[in-house]
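Observations on chain architecture
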Amino acid sequence: MRAPSRTDSTASSTEEVFHQHIAASSTEQNAQFAERRDKMLSLIAQSRAILDDLSVVESAVDQTMIGSQSIGQQGAFDSQVLTQALPPPTHQTNSVPVRAMPTAYSAHSAESRAAEGLPPLTVLGISDASDGLSTTTGDIETHVLSTKMADAKHYLDRLLVRIADTRSRVLVTGDLNGGKSTFVNALLRRQVVPDDQQPCTALFAEVVDASQNNDVEQVHGIPDASKYNRDDPFTYTPFSIDILREVVEDNEPGYEMLKVYCRDTRPNEVSVLHNGIVDVSLIDSPGLNIDSMKTTSLMAQQEEIDVIVFLVNAENHFTLSGREFLQNAGREKAYIFIVVNRFDQIRRKDRCKREILTQIKDISPLTYNHADQLVHFVAAKYMLEKSPPAEWKESFTCLEDNLRSFILEKRSRSKLNPAKMYLKNLLGDLSTLCTYNHTLNTFRIAEISAQLSETAPAHERMLRIKEQFLDDATRTIDETANRAHAFARDQLSNFLESVETYVEQDVEWGGILGMWTYARELRNAVYRHAAVRLRRCEDFAVKSSVGCVKNIEAMAASCMETPPVVDMAVVTTAFEDGSSEAGRAAAMSMFVPLELGDFFDFVDKVEICREYLPSLGMVLGGVLGYHGVTRGIWRGDATMVKGKTAFLGLSLAGVGLFLYSLSDMRNVVDRKVLGKIKTHLVSAGLVDANSERIAKGTRRVLRLAIWEFQNQFQRVLIDSQVKRQGLVESRTSAEMNKDEFRAIGARVGTLRKIVEDVDLD
Ligand SMILES: Nc1nc2c(ncn2[C@@H]2O[C@H](COP(=O)(O)OP(=O)(O)OP(=O)(O)O)[C@@H](O)[C@H]2O)c(=O)[nH]1
């Protein structure tokens, strides 16, 4: 065995020191990384808890989060919402509608956003690019926000797993034909993944160290990446690594991805894959292209990865799809490792460098700030040659050193910084949401309170109407009915008492010969007047009833937007039985037929007889005596002459009396007929029965009308009560919400500060 030379021993001790140094520094770095990682894990868990709490607030108090729904990708806060005075509550006296939440954000109003000082949403915003939802209709936005919140939770869950995972996943992506596969192979210094294929690579190929597969080089064709388990052969199909090109080119079974276990024989210190510190996987992806499905799936893939290596074809610079991808990826990954490949094809290299760096400055400022470590101009294909040209070997080795450093030594930056970025963005969005919803709820409370106080007088008035007129409807009805009764009684009794005065001008006495006609007209006139009187009483009752209902209606109209409307016909036709006054009079008069006796007052005659019987006797006596006296005179008897004179006087008195009886015939008829009619009217109950009838009719129609009114009124009142109750509940909810958002907002603020202060450099 050859003894080691001095040079050998010096070299070996230098190497040992180097390895010891590497080991020591990597132990220290590991410990530091572990500490930072644990801190980050705790912050992720706390952010997740806040998302859960927000979801509870969202579902417990419906629609409150609607305010936040409209925060689009642009996140423009509609200044109207915060600055405009609340619109005057709708002038509704009986109905109190719950106003729809104002549309909070208009997706494209950058000025108003600036005016409010609210930043755009980065993580929870609507992505025009991803789903094209630039409309701001409430349903879509509510749905989008809920979806985004749910996505954020899943993302945090995956982040927890990813951060806890000691491996580092490196996504190699870029434009079509940028040289991604060539680059991966160059890192491995061997042809593993197929390059230069037609058609282009359409599969994700994850290259990992064969040590993860019992040191066996193999390819696993995986139909469903989410189910892949190396220990479960049902979740993949194994292939020899030698036929990888065919598998990729054919992809007959339609694999979702390939896992390529490959051996990297280079020493740990230089190999990216096989480095002795962290298990690294290199994911060769399909190139970005206009196929949005593939781009979307690549975006999903990039959430699971720690480092992005972006291949740019030096000849093409950044394409539109490349820029879009980097801008989206940049929301989380502040640092992107950029490889400008095929640089050998460029003639004016300085100019090309300048132009590409200017583009990077715009796309990823932090990457640009560390361009010397993160941006590399190489020609990867030469690294697969046995003796690569020095120029390209040097630039690629420099790239490798920096990539190793980025993945291994600067793991805090490459692995933890994306998590920090995401948390910062998410917490920023949550802070905006909390501020917005807090403000929105403050407005909502003010708006509801204004609505409640504006509608309170009308509502209280309705309650008073209910108490005064409807709860005690019987009293209201009785008052009107009693008034109608009293009026009828007064009118009819008054009529009965002085019926003569009503008819004396109406009927003319046509002498003894026309006394029958006179009596009939007299009778008819009385009943006609009676009918008119009755009609007047009924009209009064109707008028009083209409007045009563109209009075209640007017009161209702003063406090109700659509007051109940009673069908007045039921009231106005209360006493209509189809008969005219003449008909009524005729009907009544039928009960009082005229008789001969009505023309002679026998009672009077008897009285007269009693008083004037002596006179009559005297007439008779006078006639008879005159006869005797005459005979006595002829016989010369003087006493007889005196008697004769006396008897003559008596006779004349008797005749006068008879003539007087005839001349009193009209009074007799008046007295007899009117007396008879009065007796009939009293017995028929003109006063009592009709007063009662009218009062009863009044009660009946009022009951019907008020019942109808009550029904409608009650409905509106209940409606108003329900709406007021709803408003009170909404206000309570808004108050609870406001407090919740304030409390959560404070938590978000504290957590955000801690996240910002985490030092990963
Ligand atoms: N001149 C030159 N050509 C290169 C370089 N790197 C790769 N190429 C060529 O570029 C072409 C595409 O290379 P690939 O590695 O297949 O590119 P890719 O990005 O993986 O392609 P897709 O996956 O299909 O998008 C091949 O013909 C390579 O030989 C380079 O550094 N210089």
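Treat the numbers as computed from the prediction; the structure is a model and nothing was measured.

Turning our eyes to something else, we now look at the overall build of the protein chain. Broken down by element type, the protein chain carries 24 helices and 9 strands. In the protein chain, which comprises 761 residues, the share counted as buried stands at 46%. Across the protein chain, every contact between residues at least 6 apart in sequence was considered, and the portion connecting residues at least 24 apart equals 82%. When the accessible area of the protein chain is evaluated, it comes to approximately 37,400 Å², of which 55% is carbon and sulfur surface.

Further remarks concern helix 20 (residues 581-589). Of all the positions in helix 20, only Arg584, Ala585, Met588 and Ser589 are classed as buried. The buried residues of helix 20 occupy an angular sector of 130° when the element is viewed end-on, so they sit on one face. The secondary structure elements touched by the buried residues of helix 20 are helix 18 (515-557), helix 23 (665-683) and helix 24 (688-757).

A few words on the confidence of the model for the protein chain. Residue-level pLDDT values for the protein chain average 77, and 73% of them are 70 or greater. Looking over the protein chain, one finds the lowest element-wise mean pLDDT in helix 3 (residues 79-83), namely 29, and the highest in strand 9 (residues 375-377), namely 96. In the predicted structure, residues 1-11 sits below a pLDDT of 50 and forms 1 contact with residues beyond four places in sequence or in another chain. Between residues 60-115, whose pLDDT stays under 50, and residues either more than four places distant or in other chains, the model counts 150 contacts. Our summary of model confidence lists the complex with pTM equal to 0.58 and ipTM equal to 0.97.

Here the idea is simple: oppositely charged side chains can pair when their charged atoms come close. The final tally for this structure, using the stated rule, is 25 salt bridges. As a salt-bridge pair, Arg48 and Asp52 come within 2.6 Å of each other at their nearest N and O atoms. Of this pair, Arg48 and Asp52 are both found in helix 1 (residues 6-60), 4 residues apart, which corresponds to roughly one turn of the helix. Its salt-bridge partner being Lys723, residue Asp719 comes within 3.3 Å of it at the nearest N-O pair. With Asp719 and Lys723 both in helix 24, this residue pair falls 4 residues apart, about one helical turn. Connected through shared salt-bridge partners, Arg48, Asp52, Lys153 and Asp157 make up one network.

Further remarks concern the sheet that holds strand 7 (residues 307-313). Strand order in this open sheet of 9 strands is 4-3-5-2-6-1-7-8-9, and the pairing throughout is mixed. Both edges of this open sheet fall to strand 4 (237-239) and strand 9, since each of them pairs with a single strand only. On average, each strand axis in the sheet is inclined to that of its neighbour by 20°, with strand direction left out of account. On top of the sheet, helix 10 (residues 320-329) reaches strand 1 (168-174) and strand 7; it is set at about 160° to strand 7, its chief contact. Along the sheet, helix 11 (residues 349-363) contacts strand 8 (337-341) and strand 9; its crossing angle with strand 9, the most-contacted strand, is approximately 155°.

Here is what the cut-offs are and how they apply
- Residues numbered from 1 in each chain as written.
- Predicted model: local features only at pLDDT ≥ 70, side-chain atom pairs only at ≥ 80, totals over all residues.
- Heavy atoms only, no water.
- Helix = DSSP H or I, 4+ residues; strand = E, 2+ residues; numbered from the N terminus.
- Buried < 20%, exposed > 50% of the residue type's maximum accessible area, 1.4 Å probe, protein only.
- Contact = heavy atoms within 4.5 Å.
- Areas by Shrake-Rupley, 256 points an atom, 1.4 Å probe, with all protein chains shown as cover.
- Arc of directions from axis to C-beta.
- pLDDT = per-residue confidence, 0-100.
- Salt bridge = Lys/Arg side-chain N within 4 Å of Asp/Glu carboxyl O.
- Pairing = 2+ DSSP bridges.
- Axes fitted to C-alpha atoms, helices over the stretch in contact; angles between N-to-C directions.

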